[in-house]
Each structure stands twice: as structure tokens, then as C-alpha cells.
Amino acid sequence: AQSVAQPEDQVNVAEGNPLTVKCTYSVSGNPYLFWYVQYPNRGLQFLLKYITGDNLVKGSYGFEAEFNKSQTSFHLKKPSALVSDSALYFCAVRDKGRGSTLGRLYFGRGTQLTVWP
Amino acid sequence: GAVVSQHPSRVICKSGTSVKIECRSLDFQATTMFWYRQFPKQSLMLMATSNEGSKATYEQGVEKDKFLINHASLTLSTLTVTSAHPEDSSFYICSASRSRGRDTGELFFGEGSRLTVL
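Computed from a predicted structure; not experimentally measured.

I would appreciate a short explanation of the overall build of chain A in the present structure.
The helix and strand tally for chain A stands at 0 helices and 12 strands. Counting helices and strands in the order they occur from the N terminus, chain A gives β-β-β-β-β-β-β-β-β-β-β-β. For chain A, whose C-alpha radius of gyration is 14 Å, the value lies close to the compact-globule estimate of 13 Å for 117 residues. On the principal axes, the C-alpha backbone points of chain A span a range of 50 × 30 × 25 Å. The 117 residues of chain A split such that 45% are buried. Considering only residue pairs separated by 6 or more positions, chain A has 56% of its internal contacts joining residues 24 or more positions apart. Within the structure as shown, chain A displays about 5,600 Å² of accessible surface, and the carbon and sulfur contribution to it stands at 48%.

Put into C-alpha cells, the structure is as follows:
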């Protein structure tokens with residue numbers, strides 16, 4: 001079965017500094033990996049995804065993630081953090097569907113990012 | 001981007017009543033929708049996969065008679081919490097994909113529904 005792990009419950013960083021939110025995965029076959037962000041009492045917003053190709057994926061709001069097959073990691077990064085980036089971040093892996101049924105999305109437990117001024 | 005609308009955003013009900021939550025894809029057709037439940041400061045737990053025109057597929061441990069899912073059209077799925085009890089209080093989130101038959105597409109999420117059962 002597919003699974004993802006986010007080893008850090010919380011990440012704290014000063015505004016303007018680079019940030020990294022870690023994610024490792026366990027999949028059978030080619031991984032379809034995603035990052036989502038959630039603000040309080042809101043649904044999830046899609047940030048970026050890795051399907052194939054370039055290992056460095058660029059997404060919304062200046063975020064990027066690097067796919068590392070040998071380390072089975074897909075860490076989320078941003079060169080310069082903003083206070084408004086403070087939110088809950090989820091890494092996810094997509095299961096392969098069957099027939100016309102889409103594969104399910106499995107989430108990590110989430111990492112709370114806090115950026116202080 | 002694709003828009004998924006979820007209603008109501010908040011609902012408070014008495015124990016024993018039933019509550020219906022709607023999930024609509026506003027600008028695309030969604031053959032498959034997913035329902036998640038999220039406990040405070042925890043990850044999303046997949047409850048069921050809703051397929052248009054057929055019965056939902058429930059995850060292990062989710063009571064299908066408790067959480068009724070209907071996906072009558074390509075743009076609407078509903079989750080009904082029957083005979084709700086305080087332990088059903090939670091944040092329920094639906095999602096849909098606009099990618100028919102492809103696993104590479106991202107899911108688009110509704111804004112979630114906060115259910116409080118008194």
C-alpha cells in the first residue's frame with residue numbers, strides 16, 4: 001500500500017529565511033506525489049505535484065519540491081518564507097485506480113508551519 | 001482552477017438527527033468524488049470513494065449505514081450522517097478530480113463542513 005510520512009509535526013522559521021517541510025514516501029511502482037496546504041477551518045489547496053520528468057517541481061506561491069528517488073523523499077521548499085505561509089501542509093501519494101475509478105489520495109499527518117516576523 | 005463547493009460550511013444539530021452535506025463541482029464533471037474526515041490537528045482520513053451512478057466504496061471501519069453517500073450526477077455528491085451522535089462531530093471535506101480515468105490529476109477540495117452534534 002502507498003503511504004507517506006511527515007516526520008515533523010511543526011516547523012518554525014523566521015520570515016525571509018528558507019523553509020523546508022519534509023516528506024518521505026513508500027509506494028509500489030511510479031509515485032504520484034502531491035503537496036497541499038490548509039488554512040484554519042478551510043479545505044485543502046493544491047500546491048504542486050510530481051508525476052514524471054524534472055525532479056524539481058515548481059508550484060504555487062513560490063513553493064517548490066524536489067523528488068529524490070534514491071532517498072524516497074519529496075521535500076517542500078521555499079527560498080524565502082512569508083508570515084502568510086503559516087499553515088498546515090500535507091504531503092500525499094496517489095494510489096493507482098482501477099478501470100475508470102480514480103486512485104485514492106493518501107495523506108501524511110501534516111506539518112504545521114509557523115513563520116514569525 | 002476547478003472549483004468544488006461544499007455546503008453547509010457549519011452545522012449544529014441535536015443528537016439523533018440526520019445531517020446532509022452537499023459537494024458540488026461547479027465548473028467540471030467529476031466521475032469520482034472522495035469524502036474525508038479530519039479530527040483536530042490530525043490528518044485527513046478517507047471515508048469513502050463516491051462514483052457517479054453506482055454505490056460508494058467505503059474504507060475499512062467506516063459504517064456505510066451511518067454515513068450514506070449518494071452520487072446521483074456528475075456534479076453532485078452528498079454525505080448524510082444518520083442518527084448523529086456527539087462522536088460524529090468533526091470536519092468533513094469532499095474532493096473531486098477533473099481528470100477522467102487518469103491518476104495523475106490533483107484533487108480539488110471543498111471548503112469543508114464543520115459538524116457539531118450536541
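Looking at this structure, I do not really get unusual backbone geometry. What am I missing?
For residues other than glycine, phi is negative in most cases, and the peptide bonds are mostly trans. Following histidine 7 of chain B, the chain continues into proline 8 of chain B via a peptide bond in cis, with omega recorded as 0 degrees. Tracing the chain through its elements places proline 8 of chain B in the loop between strand E1 (4-7) and strand E2 (10-13). One non-glycine residue, tyrosine 61 of chain A, lies in the positive phi region at around 60 degrees. Looking at the secondary structure, you find tyrosine 61 of chain A in the loop between strand E7 (56-58) and strand E8 (64-68).

Is there a simple way to think about the state of the cysteines in this case?
What we call a disulfide is simply a covalent bond connecting the sulfur atoms of a pair of cysteines. Evaluation of the coordinates by the stated rule reveals 2 disulfides over all chains. One disulfide bridge connects cysteine 23 of chain A with cysteine 91 of chain A, the sulfur atoms lying 2.0 Å from each other. Taking the sign of the S-S torsion, -65 degrees for the link of cysteine 23 of chain A and cysteine 91 of chain A, the bridge is left-handed. Taken together, the residues span a long stretch of sequence, with cysteine 23 of chain A in the loop between strand E3 (19-21) and strand E4 (24-26) and cysteine 91 of chain A in strand E10 (residues 87-94) at a distance of 68 residues. Neither cysteine 23 of chain A nor cysteine 91 of chain A differs from the other in exposure class; each is buried. The closest cysteine sulfur to the non-disulfide-bonded cysteine 13 of chain B is located on cysteine 94 of chain B, 18 Å from its own sulfur.

Just checking my understanding: could you explain the packing of aromatic side chains for this structure?
Note on aromatic pairs: each is described by the distance of the centres and the angle between the planes. According to the stated counting rule, one finds 14 aromatic pairs over all chains in the structure shown. An angle of 45 degrees between the planes, with centres 6.0 Å apart, marks the rings of tyrosine 36 of chain B and phenylalanine 109 of chain B as tilted. Placement of tyrosine 36 of chain B in strand E4 (residues 32-38) and of phenylalanine 109 of chain B in strand E10 (residues 108-109) is noted, with a sequence separation of 73 residues between them. Each member of the pair, tyrosine 36 of chain B as well as phenylalanine 109 of chain B, is classed as buried. Members of the aromatic cluster, each reached through a chain of ring pairs, are Phe34, Tyr36, Phe46, Phe90 and Phe107 of chain A together with Tyr36 and Phe109 of chain B.

Just checking my understanding: could you explain the interface of chain A and chain B for this structure?
The figure often quoted for interface size is the accessible area lost as the parts come together. Contact with chain A, which involves 26 residues of that partner, is made by 27 residues of chain B. Both faces combined, the contact of chain A with chain B buries some 2,200 Å², and carbon together with sulfur accounts for 53% of it. Between chain A and chain B we count 2 salt bridges in total. Here lysine 49 of chain A makes a salt bridge to glutamate 106 of chain B, at a shortest N to O gap of 2.9 Å. For the interface between chain A and chain B, the tally reads 8 residue pairs in polar contact (both at pLDDT 80 or more). Of all the secondary structure elements, the ones that give two or more residues to the side of chain A that touches chain B are strand E5 (33-38), strand E6 (44-50), E10 and strand E11 (105-107) of chain A.

Rules of the game
Residues numbered from 1 in each chain as written. Chains lettered and ligands numbered in written order. Predicted model: local features only at pLDDT ≥ 70, side-chain atom pairs only at ≥ 80, totals over all residues. Heavy atoms only, no water. Helix = DSSP H or I, 4+ residues; strand = E, 2+ residues; numbered from the N terminus. Rg over C-alpha atoms; globule rule 2.2 N^0.38 Å. Buried < 20%, exposed > 50% of the residue type's maximum accessible area, 1.4 Å probe, protein only. Contact = heavy atoms within 4.5 Å. Areas by Shrake-Rupley, 256 points an atom, 1.4 Å probe, with all protein chains shown as cover. Disulfide = S-S within 2.5 Å. Phe/Tyr/Trp six-rings, centres within 6.5 Å; stacked < 30°, edge-to-face > 60°. Buried area = accessible area lost by both parts, 1.4 Å probe. Salt bridge = Lys/Arg side-chain N within 4 Å of Asp/Glu carboxyl O. Polar contact = N/O pair within 3.5 Å; in protein donor to acceptor, adjacent residues only side chain to side chain.

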